[in-house]
Amino acid sequence: MEIAPSILTADFTRLGQVMDDSVTAGISWIHLDIMDGNWVVNKTITFGPAVIKSIRKHVGSEVFLDCHLMVTNAEDTWKQYADAGVDLVIAHVEAVEDFKGLAAALHDYGIQAGMVFNPATPVEEVLPHLSYLDLVLVMSVVPGKGGQSFMPEVESKVRALRTAIEAQKAGGGRATKIMIDGGIKAHNIAQVRDWGVEVAVIGSGLINDNSSIAENLAEIHAAL
Ligand code: DX5
Ligand code: ZN
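In this text, all values refer to a predicted model and were calculated from it rather than measured experimentally.

A. Main features of the coordination of the zinc ion (ligand 2). Coordination of the zinc ion (ligand 2) by the protein is provided by His31 (NE2), Asp33 (OD), His68 (ND1) and Asp181 (OD), with metal-donor distances spanning 2.0 to 2.3 Å. Geometry at the zinc ion (ligand 2) is octahedral, judged from its 6 donor atoms and the angles of 67 to 166° they form at the metal. Sequence spacing of the donors to the zinc ion (ligand 2): H-x1-D-x34-H-x112-D. With His31 in strand β2 (residues 29–35) and Asp181 in strand β7 (residues 177–181), this residue pair connects regions lying 150 residues apart in the sequence. On the basis of relative accessibility, which here comes to 0%, the residue His31 falls in the buried class.

What follows is the structure in structure tokens.
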């Protein structure tokens, strides 16, 4: 199972060190949470393309970067994130009018397309899009901040996605990946893997004041 750190709980004056510690611990995927001060319920701002550009320069080409766009205008701004160096843009189904068009534009530009949906959004809104998605991200908290509690009721959504993706693959279609984001820690990582999740975003469970990234990651791997 792939572990992708979310850097929201990091000390932003020490981001380079956080990247280095993550890579040294064995991380090869980093999740970048973009909030525009408008779209998330708590109206907060995180960081943008300029910071991503510095991160890409720092980590080099070996680390896979995704950006989780919690913004109102992903269809107008995705190219800024692509040009900053992300490999995958993940946009919210609730915030995009023409998702098929957005995914085609991302693919034409040479990067991957992902769809994310909120805890309140039914999985039926995602299933019709699967054939052209490289990844689906299931939100297991209401987006807006790190450190919230995991919502176990997303199990049925993950299982429905897993069933649909296995059918798609059997028909020669895309191997769309399933990612989960919010409240993942050592105590629930094996459970979400068993539901069919392949990539887990982990923020506060990896980057916190109690122990190092390496120690936290070792605990997570031991639980798997
Ligand atoms: C929530 C973000 C998440 C979050 C994960 O809006 O999308 O990526 O920071 O943090 P934890 O693992 O602390 O829930
Ligand atoms: Zn996220």
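And the narrative resumes.
B. Here's a closer look at the site of ligand 1. Taken together, 20 residues surround ligand 1, and among them Asp33, Gly144, Gly147, Asp181 and Ser204 come closest. Between Gly147 and ligand 1, the recorded distance is 2.7 Å, taken from a backbone N or O atom to an oxygen atom. Side-chain polar atom of Asp181 to an oxygen atom of ligand 1: 2.7 Å apart, as the coordinates give it. Relative to its free-state accessible area of 380 Å², ligand 1 is covered by the protein chains to the extent of 100%. Counting only elements with at least two residues in the shell around ligand 1, the list comes to β2, β3 (64–70) and β8 (199–202). Here the shell around ligand 1 gets 3 residues from one element, more than from any other, and that element is β2.

Basis of the calculations
Residues numbered from 1 in each chain as written. Chains lettered and ligands numbered in written order. Predicted model: local features only at pLDDT ≥ 70, side-chain atom pairs only at ≥ 80, totals over all residues. Heavy atoms only, no water. Donors = N, O, S within 2.8 Å, 3.2 Å for Na, K, Ca; no water. Tetrahedral: all angles 85-135°; square planar, octahedral: opposite > 155°, others 65-115°. Helix = DSSP H or I, 4+ residues; strand = E, 2+ residues; numbered from the N terminus. Buried < 20%, exposed > 50% of the residue type's maximum accessible area, 1.4 Å probe, protein only. Near = heavy atom within 4 Å. Polar contact = N/O pair within 3.5 Å; in protein donor to acceptor, adjacent residues only side chain to side chain. Areas by Shrake-Rupley, 256 points an atom, 1.4 Å probe, with all protein chains shown as cover.

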